[in-house]
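# Close look at the chain arrangement
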Amino acid sequence: MDLGKTSYVGSTEVTHWAEIMIEGNKTLNVAVHLPGLIGTVLDTAGVTITNAEIAAECEIIGQNSTCWCGPDYVWSNFVCDNVNKCCNVEKCVANISDYTPLCLPKVNVSLIGVLTGSSPAVQSVLLSAFNVLNAFNSLTIQGSLYTGLNTYAHNFTVSLSSVFATPKVQNIIATLLTDPTIYSLSVKSLGMVYMEAPTGKLCYNSKQQLNCTSIEVMSKCVWQMSRDKEATLTLGPGSEVQLSDTCTELSAVTLLKTNGFWSGMYSCLFVTGNIAHMAMAPIQIALLPEVINVTSNPQTADCSASSPTKVSILCSIENSTETYKVMLKLGTVEFAPIKEEINGIIKYTAEFSVDCLAEGKPSSLEASCTLENSLNQLRNRTIRVPIIYPSDLFCAEDETVGGKWPKTKNNETAIIDCTAEGRQGLMKRKCIGKTWGEEISLCVKVVLNSVALQAKDFEKGLGATQEVAMFIFQSLKNNTSDESDNSFGDVKIAVSVFETMNKASVNMALGENLLPDFIDSASSMLNATWEVGDVEESSSLATQYLSSVEGLVKSIRINASEGYNSSNIQLQICRSGSTCNKTVFNVDVELNATADMVKTVGLQSLANRLPKLGYEKASFPSIVVSSTVENSTQSSVNIRLAFPNEADSKTTMTCVFWNVTELRWSDEGCEFVKGPGNLAYCECNHLTSFSMLMSKHAVSMPFLDQLTYVGLGVSICSLIIYIIIECLVWSAVVKSNLSHFRHTALINISLCLLLADCSFLASSFPSILNETLCLVLVVAKHYFFLAMFFWMLCLSIMLVHQLIFVFSRTGKKVYMILGFTIGYVCPTVTVAVTYVYYDQASDIPYYSSKTCWLTYQSALQGSIHAFLFPVGTIILVNIFSMVVVIATVLKPSGAESNKKGDSDAVKSIIKVVLFLTPVFGGTWILGIFVFLMDDFTQFITYVVHYAFTIVNSLQGFFILLTGCFAEKRVRDEILKIVLGKSGKEQGTVTTTK
């Protein structure tokens with residue numbers, strides 16, 4: 001028995017081929033002995049036999065041999081390709097007994113094809129072409145369809161019991177396409193690709209991965225997904241899906257958040273030419289509804305008669321295959337609701353009684369709907385149900401063209417469904433006292449709502465292709481071109497599409513072929529009526545509009561286009577130069593920046609719609625000009641706008657820019673210059689200041705940026721000098737465990753501050769950084785500043801411990817373990833948890849690409865709190881430690897009979913404060929006030945920002961002074977080093993005397 005070659009047959013196990021030669025005419029039943037081989041270890045090969053069966057048999061008579069395959073085996077492609085007569089026959093008379101492998105296990109492989117041509121019957125043509133394939137079983141025509149213009153489409157399937165070589169099928173297709181009656185032919189295969197996919201019901205919002213392996217190397221791969229009877233969607237990079245970089249024989253897709261959007265049939269395709277190898281697997285998710293609508297009927301509980309009243313709570317969700325456990329609750333009362341299904345919507349209803357004489361007379365009750373899926377995961381939605389008491393003001397029922405408005409409590413907003421044909425959504429109206437406010441229609445065209453849903457799918461990664469992106473913008477343009485038919489709701493949902501596509505562009509680059517449709521649709525929006533009687537609502541929409549349009553202009557990749565103009569938007573492009581001069585709507589824009597590309601866009605009829613906070617009495621022009629610089633090589637960008645000045649001489653002109661962080665107009669960094677005649681100029685320049693670290697928003701003040709960079713430059717040089725000095729004098733000044741830890745902590749504080757300052761300088765100009773580099777620098781600043789503070793905490797704890805427990809000595813090893821754990825592990829955990837939370841579980845981003853720093857949304861909302869809380873806590877602890885040190889210094893020792901005099905006490909306190917403040921981070925307490933004081937109309941706000949920037953940008957310099965030159969032992973060692981040999985000799989002579 002000889003052990004032959006090995007072969008991979010699509011399994012995780014390796015198949016070894018053994019040959020048994022029986023000489024003579026004696027017949028031996030080999031199959032009887034095979035079970036005895038199972039479990040045997042082959043020492044020569046280091047292999048354990050797990051299964052044994054006859055793959056092939058050959059009968060050799062003289063020079064001739066007749067071979068045949070065992071049950072459930074077929075000829076290998078190696079045999080079929082080299083000896084054609086062996087293909088698709090049971091026994092082959094040929095000298096092939098030494099071929100390895102001779103036969104392979106049968107596998108189910110299918111070729112699924114579509115042929116278009118002029119012939120109504122193609123069975124015989126296809127059969128004669130494909131029956132040459134090894135292990136051919138059958139060819140079936142699934143159906144034929146006449147598509148017009150003398151063209152038929154034929155769907156067919158070829159069944160095989162063996163894998164095939166892609167080039168062989170490509171040759172068959174190429175031969176068929178030479179027939180003039182055949183127009184096109186494409187083929188997909190099943191059985192050539194193996195997919196690993198999770199099975200069973202998956203948890204909602206879990207992370208899952210699917211892997212595909214092709215038995216051949218192909219040109220590219222594609223992932224697709226289909227849901228129920230919907231069209232198949234191609235997966236692309238998105239916020240909820242990641243695709244692997246490798247894509248020729250191995251490919252993977254990661255679902256970051258499994259929800260209802262991702263439940264369906266998945267396909268991976270490896271493609272070369274017009275052949276695609278495919279594998280499929282279903283993904284079943286324990287669903288929870290993406291949208292839960294909770295309403296009350298009536299919307300307001302009427303207790304004006306002081307008698308109990310009834311309220312029905314309705315909870316509605318889209319139809320789902322999941323079976324939910326549902327509970328409805330009003331106040332403290334909870335009921336299992338009645339379920340009904342109407343037009344694809346599942347509705348749960350329960351009636352509650354409201355006690356109008358309840359203790360405390362609550363102004364409203366909370367109503368909630370809680371749904372539980374088959375894996376016990378929960379999702380709920382709550383609303384408030386206002387209560388009208390006899391003494392409350394209210395608006396009486398009112399019927400208008402828009403619909404019937406229910407009785408509503410003062411300062412509450414009534415909501416009703418849209419009734420206009422071809423539209424869906426809501427209408428709302430606020431009750432003020434006893435008077436109804438204006439109706440606000442959020443009714444949108446049904447088709448626009450579909451576009452918005454498609455855009456959301458695109459952003460997630462479903463259908464994220466250039467073709468789908470172009471279709472979205474085309475649909476938006478086609479359904480907003482009739483400007484007279486665009487309502488406020490239409491504008492709002494169109495802007496939401498812009499916002500969604502802008503978010504999607506972070507993962508999926510958008511091509512310039514989208515520009516015309518995007519700009520035309522955005523221009524149409526500016527002709528619609530935005531005035532709805534609610535200034536806050538319309539101003540918020542204008543802010544979203546500007547942000548999303550600017551974002552899309554920035555993210556759309558321009559290659560050959562020189563720009564595009566529409567009635568309300570003009571886009572101009574500059575390439576590779578130090579200066580860009582363009583004109584949009586008669587405004588001359590000059591931008592000084594050496595960059596790969598500058599995009600300048602002008603928007604009409606927008607400025608007066610944006611919030612006018614701080615400029616309520618100002619008159620705004622209709623044009624907003626925005627410029628985007630790509631890959632600038634300069635640290636700063638200067639922009640100059642020249643426009644006709646039509647105002648009279650008594651009018652005060654102010655140049656302002658739109659602060660995207662604070663969402664308001666600001667004149668910081670901008671200057672108005674009056675030119676000759678009626679010309680006027682605006683010049684703007686913006687950098688980043690150090691006080692941004694502790695501020696809610698980016699800060700721009702005169703000379704603040706320059707102070708930041710000068711201070712950081714001095715600080716970085718000081719820290720480098722200090723670290724070098726510490727290394728030089730280390731052996732001389734470190735004589736005890738206490739001094740060893742103190743100097744270790746100081747070096748780590750200095751090193752972390754040095755790296756943090758360098759990271760801050762590197763991120764000072766966010767406009768020239770890409771997203772990845774910006775994120776790296778944000779993480780670096782977050783980590784190194786936190787590490788600095790945690791080492792400061794270690795130093796203060798050590799000092800207080802030594803002062804309180806004078807006779808308790810702690811070993812060097814304990815100090816070092818404690819120091820490095822607190823100093824580096826704590827900030828690592830803090831940064832990692834913060835990043836993962838804001839990246840995976842929060843809608844708020846971890847960082848802002850506008851500032852390259854952490855985000856602030858509102859109180860306790862935003863990643864900057866993961867910096868402020870630990871820093872604030874450590875500062876308070878260190879201040880307490882400083883107080884303990886001062887109290888210890890002022891306390892008389894046992895040898896002293898009297899307390900220190902006032903002057904000595906004051907000197908001691910000043911000395912302690914000066915020495916410990918830089919290394920305890922005391923100056924950063926100003927940062928707390930920077931965060932809290934954001935009213936820039938107050939003079940004290942400017943004082944705090946300037947003080948924080950000056951003191952903390954120079955922190956490295958203060959560490960050099962207090963940690964090095966203020967310590968006598970270090971000074972003496974520095975003098976010895978400076979004086980060198982002469983100093984040593986002089987010291988020797990003195991000692992001898």
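Criteria and thresholds
- Residues numbered from 1 in each chain as written.
- Predicted model: local features only at pLDDT ≥ 70, side-chain atom pairs only at ≥ 80, totals over all residues.
- Heavy atoms only, no water.
- Disulfide = S-S within 2.5 Å.
- Buried < 20%, exposed > 50% of the residue type's maximum accessible area, 1.4 Å probe, protein only.
- Axes fitted to C-alpha atoms, helices over the stretch in contact; angles between N-to-C directions.
- Helix = DSSP H or I, 4+ residues; strand = E, 2+ residues; numbered from the N terminus.
- Left-handed = near helix turned anticlockwise from the far one by under 90°.
- Contact = heavy atoms within 4.5 Å.
- Nonpolar A, V, L, I, M, F, W, Y, C, P; charged D, E, K, R; others polar.
- Expected span 1.5 Å × (residues − 1).
- Arc of directions from axis to C-beta.
- Parallel < 35°, antiparallel > 145°, perpendicular 65-115°, else oblique.
- Polar contact = N/O pair within 3.5 Å; in protein donor to acceptor, adjacent residues only side chain to side chain.

### What to know about the state of the cysteines
- Summed over the entire model, instances satisfying the criterion amount to 13 disulfides.
- The disulfide that involves Cys80 links it to Cys87, with 1.3 Å between the sulfurs. As the torsion about the S-S bond is roughly 105 degrees, the Cys80-Cys87 disulfide counts as right-handed. Across this residue pair, the class does not change: Cys80 and Cys87 are buried.

### Structural notes on the packing of helix α6 (residues 488-504) against helix α8 (residues 535-555)
- At their nearest, the axes of α6 and α8 sit 9 Å apart, and the two run at 35 degrees to each other. Where α6 crosses over α8, the handedness of that crossing is left-handed. Contacts between α6 and α8 pair Phe488, Val491, Lys492, Val495, Phe498, Glu499, Met501 and Asn502 from the former with Glu537, Ser538, Leu541, Gln544, Tyr545, Ser547, Ser548, Val549, Gly551, Leu552 and Ser555 from the latter.
- Of the residues in the contact of α6 with α8, the class split is nine nonpolar, seven polar and three charged.

### Observations regarding helix α3 (residues 166-177)
- Between its first and last C-alpha atoms α3 spans 17 Å; for twelve residues at 1.5 Å apiece the expected length is 16 Å, and the two agree.
- Those residues of α3 lying buried are Thr166, Val169, Ile172, Ile173 and Leu176. An end-on view of α3 places all buried positions within 125 degrees of arc, on one side of the element. Of the exposed residues in α3, those oriented more than 90 degrees away from the buried face are Asn171 and Thr175.

### Overview of the side chain of Asn878
- Structurally, Asn878 can be placed in helix α13 (residues 865-890).
- For Asn878, the contacting residues outside a window of four places in its chain are Met792, Leu793, Ser796 and Phe920.

### Looking at the packing of helix α9 (residues 704-733) against helix α16 (residues 939-953)
- Here α9 crosses α16 at 20 degrees, and the two axes come no closer than 8 Å. For the element pair α9 / α16, the angle class is roughly parallel. Judged by the twist between their axes, the crossing of α9 over α16 is right-handed. Listed contacts from α16 to Leu704, Leu707, Thr708, Gly711, Leu712 and Ser715 of α9 are His945, Tyr946, Thr949, Ile950 and Ser953.
- When grouped by side-chain class, the residues that make up the contact of α9 with α16 number five nonpolar, six polar and no charged.

### Digging into the side chain of Glu412
- Tracing the backbone through its elements, the reader meets Glu412 in the loop between β35 (408-409) and β36 (413-417).
- The class of Glu412 is buried, set by a relative accessible area of 17%.
- There is a polar contact of 3.0 Å between the side chain of Glu412 and the side chain of Arg384.
- Every residue in contact with Glu412, bar those within four places of it in the chain, is listed here: Arg384, Pro386, Arg429, Lys430 and Cys431.

### Examining helix α2 (residues 123-130)
- Every buried residue belonging to α2 is among Leu126, Ala129 and Phe130, and all of these are buried. Viewed end-on, α2 has its buried residues packed into an arc of 80 degrees, placing them on one side of the element.
- Residues of α2 that are buried in the fold lie against β10 (109-117), β11 (136-148), β12 (151-160) and α3.

### Re unusual backbone geometry
- Here the residue pair Thr100 and Pro101 is connected by a cis peptide bond, since its omega of -5 degrees sits within 30 degrees of zero.
- Tracing the backbone shows Pro101 in the loop between β8 (91-93) and β9 (103-105).
- Positive phi is not limited to glycine here, since Asn376 has a value of about 65 degrees.
- Looking at the element boundaries, Asn376 is found in the loop between β30 (364-372) and β31 (378-388).

Functional significance is not addressed by these values, which are geometric in nature.
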